[in-house]
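# Observations on the three-dimensional arrangement
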Amino acid sequence: HFSYNGWDPKPAAWVKKNCSKASANCLDTGCCRDAGHACFSKNTSYAKCKPHCIDGVDPTDVDSRPWKCKQLGGMTPGHAGPTKAAGWVEKECASVNSSCAKSLCCKDSGHACFEKNASFA
């Protein structure tokens, strides 16, 4: 987030008219209306406005298919609000001290799945 001596930049007027809402596929526009969001591609047919993106499974997404996270446009000025884990996370993702080698995700907030060795992640 950019700020200079307490001044926070605002999105240009064309952003609201031409850019995608958070719930829409932003693959065609490459830009986002929501403050603190950028358009990231999940695959060749879908992209979403998000405050950040890391390759792999996204616990805030509607499903557990992994993201490629190619940023398609600039970040819209402003602060992004908090994100919440999707409903599938509790059922499909691993808990603390459990292997996430198959699910590739963790259900506990602030945790991520990393490979420890060939048989445990």
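Residues numbered from 1 in each chain as written. Predicted model: local features only at pLDDT ≥ 70, side-chain atom pairs only at ≥ 80, totals over all residues. Heavy atoms only, no water.

## Some details on the environment of glycine 81
Among the secondary structure elements, glycine 81 is positioned in the loop between β3 (70-71) and α2 (88-92). Classification of glycine 81 by relative accessible area gives partly exposed; the value is 44%. In sequence terms glycine 81 and aspartate 34 are 47 residues apart; their C-alpha atoms lie 9.4 Å from each other. (Helix = DSSP H or I, 4+ residues; strand = E, 2+ residues; numbered from the N terminus. Buried < 20%, exposed > 50% of the residue type's maximum accessible area, 1.4 Å probe, protein only.)

## Details of the packing of aromatic side chains
Under the defined criterion, the tally for this structure stands at one aromatic pair. Seen from the ring of tryptophan 67, lysine 50 lies directly overhead, with NZ or CZ sitting 4.2 Å from the centre. (Phe/Tyr/Trp six-rings, centres within 6.5 Å; stacked < 30°, edge-to-face > 60°. Lys NZ or Arg CZ within 6 Å of the ring centre and 35° of its normal.)

## So, the environment of asparagine 18
Mapped onto the fold, asparagine 18 is located in helix α1 (residues 13-18). Between the C-alpha atoms of asparagine 18 and glycine 30, which are 12 residues apart in sequence, the distance is 9.7 Å. Beyond its immediate chain neighbours, meaning those up to four positions away, asparagine 18 contacts Thr29 and Cys31. (Contact = heavy atoms within 4.5 Å.)

## Re the environment of glycine 30
Relative to the assigned elements, glycine 30 resides in the loop between α1 and β1 (38-41). For glycine 30, a relative accessible area of 10% puts it in the buried group. Setting aside residues up to four positions removed in sequence, glycine 30 forms contacts with Cys39, Leu72 and Gly73.

## Observations concerning the state of the cysteines
All chains considered together, the criterion is met by six disulfides. Between the sulfur of cysteine 26 and that of cysteine 39 lies a disulfide, 2.0 Å long from S to S. Judged by the sign of its S-S torsion, about 95°, the cystine formed by cysteine 26 and cysteine 39 is right-handed. Here cysteine 26, found in the loop between α1 and β1, pairs with cysteine 39, found in strand β1; they are 13 residues apart in sequence, far enough to count as distant. Through a disulfide, cysteine 100 is tied to cysteine 113; the S-S separation comes to 2.0 Å. Taking the sign of the S-S torsion, about 95° here, the bridge from cysteine 100 to cysteine 113 comes out right-handed. In this pair, cysteine 100 sits in the segment after α2 while cysteine 113 sits in the segment after α2, placing the two residues 13 residues apart along the sequence. On the basis of relative accessibility, which here comes to 3%, the residue cysteine 100 falls in the buried class. Judged by its relative accessible area of 22%, cysteine 113 falls in the partly exposed class. Along the protein, the cysteines that take part in disulfide bonds pair up as 1-3, 2-5, 4-6, 7-8, 9-11, 10-12, counted in sequence order. The cysteine cysteine 106 is free of any disulfide, with cysteine 100 supplying the nearest cysteine sulfur at 4.4 Å. (Disulfide = S-S within 2.5 Å.)

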